[in-house]
Amino acid sequence: MTLFRTVAPAAEPVTLSEAKRTLRLDHDSEDELIGGLIRAAREEVEASCGLALIDQSWRLALDRMPRSGRVLLRRHPVREVLSVTVYGSEGEASLVDPASYRLDGTSRPARLHFRAVPAPGVAMNGIEIDFSAGFGEAGTDVPDLLKRAMLVLVAHWYEFRASFSGADQPVSFPPGYERLIAPWRSRRL
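Residues numbered from 1 in each chain as written. Predicted model: local features only at pLDDT ≥ 70, side-chain atom pairs only at ≥ 80, totals over all residues. Heavy atoms only, no water.

Visitor: An account of the sheet that holds strand E3 (residues 70-73) is requested, with residue identities and associated values reported.
Guide: Strand order in the open sheet made by the three strands is E3-E7-E6, with antiparallel pairing throughout. The open sheet terminates on both sides in strands that have one partner only, identified here as E3 and strand E6 (101-104). Across this sheet, the average inter-strand angle for adjacent strands is 20°, counted without regard to direction. (Pairing = 2+ DSSP bridges. Helix = DSSP H or I, 4+ residues; strand = E, 2+ residues; numbered from the N terminus. Axes fitted to C-alpha atoms, helices over the stretch in contact; angles between N-to-C directions.)

As structure tokens, this is what we get:
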């Protein structure tokens with residue numbers, strides 16, 4: 001089972017001006033650095049919580065369908081299933097009829113249930129599920145706690161940018177960051 005992003009978000013949840021206000025900067029000389037820190041903070045929050053903050057597309061590749069006929073989509077919130085493709089023994093692709101599966105996007109992780117379990121003809125990555133996930137198209141759609149967590153990371157990494165090389169980053173996480181993302185973390189029993 002492999003999960004990877006196919007279409008990156010078109011915007012960041014936190015704008016450059018919001019980050020500069022947090023950092024109390026009024027010059028433009030480090031805009032590129034701050035933009036990179038914003039991207040890195042978004043990616044860290046998404047990875048830590050299993051989220052997609054801004055709308056983006058993902059692909060889950062499976063070797064075979066689970067016997068239960070239920071597949072877990074581990075990016076939250078799942079907005080829609082774009083397509084399900086099964087590959088035959090000659091590599092030919094066939095789309096699965098959307099009427100044969102149902103998405104439970106309110107669960108976390110989201111569940112995709114198949115009435116009839118499609119069998120791929122290839123041994124590896126024979127089933128691809130493409131789906132979109134995210135809170136919305138703009139930063140205003142993202143929950144405030146997650147945006148604040150990003151700003152805390154940006155400020156912390158900006159403060160320690162000269163102490164450690166880029167290869168050594170991130171060297172630490174600021175106090176309070178874990179508290180901000182705690183309600184959004186996936187918990188396993």
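Back to the text.
Visitor: Any chance you could break down helix H3 (residues 144-159) for me, citing the residues and the numbers?
Guide: With 16 residues, H3 should cover 22 Å at 1.5 Å per step; its first-to-last C-alpha distance of 22 Å lies within 8% of that length. The set of residues buried in H3 consists of Leu146, Lys147, Ala149, Met150, Leu151, Leu153, Val154, His156, Trp157 and Tyr158. Close packing links the buried residues of H3 with helix H1 (16-23), helix H2 (31-49) and helix H4 (177-181). (Expected span 1.5 Å × (residues − 1). Buried < 20%, exposed > 50% of the residue type's maximum accessible area, 1.4 Å probe, protein only. Contact = heavy atoms within 4.5 Å.)

Visitor: So, the sheet that holds strand E5 (residues 93-95): which residues are in play, and what are the values?
Guide: If you walk across this open sheet you meet the five strands as E1-E2-E8-E4-E5, and the pairing is antiparallel. Here the strands that pair on one side only, and so sit at the sheet edges, are strand E1 (2-7) and E5. Taking the axes of each pair of neighbouring strands and ignoring which way they run, one obtains an average angle of 30° across the sheet. Bridge count for strand E4 (residues 78-87) against E5 is three bridges, and the pairing is antiparallel. Opposite threonine 85, over in E5, you have leucine 95 as the bridge partner.

Visitor: So what's going on with the nonpolar core? Residues and values would help.
Guide: Side chains of nonpolar character tend, in soluble globular proteins, to be buried together. In terms of nonpolar packing, the biggest core is built from 27 residues, with Val45, Leu53 and Leu146 touching the most fellow members. Broken down by secondary-structure element, the contributors of at least two residues to this core are H1, H2, H3 and H4. Of the residues forming this core, the biggest block, eight residues, is contributed by H3. Beyond its immediate stretch of four places on either side in the chain, valine 45 contacts Leu53, Leu146, Ala149, Met150, Leu153 and Tyr177. Core analysis: the next-biggest nonpolar cluster, separate from the first, contains 20 residues, Val81, Val96, Ala110 and Ile129 among them. (Core = buried A, V, L, I, M, F, W, Y, C linked by side-chain atoms within 4.5 Å.)

Visitor: Describe the pattern of salt bridges, listing the residues and the values that go with them.
Guide: A full pass over the atoms with the stated rule returns 12 salt bridges. One salt bridge connects glutamate 46 with arginine 5, and the closest N-O pair in it is separated by 3.5 Å. Highlighted residues: glutamate 46 in helix H2 and arginine 5 in strand E1, separated in sequence by 41 residues. Among the residues examined, glutamate 46 registers a relative accessible area of 3% and is labelled buried. Two residues, lysine 20 and aspartate 28, come together in a salt bridge whose shortest N-O distance is 2.8 Å. Put simply, Arg5, Glu12, Arg42, Glu43 and Glu46 are held in one network by salt bridges that share partners. (Salt bridge = Lys/Arg side-chain N within 4 Å of Asp/Glu carboxyl O.)

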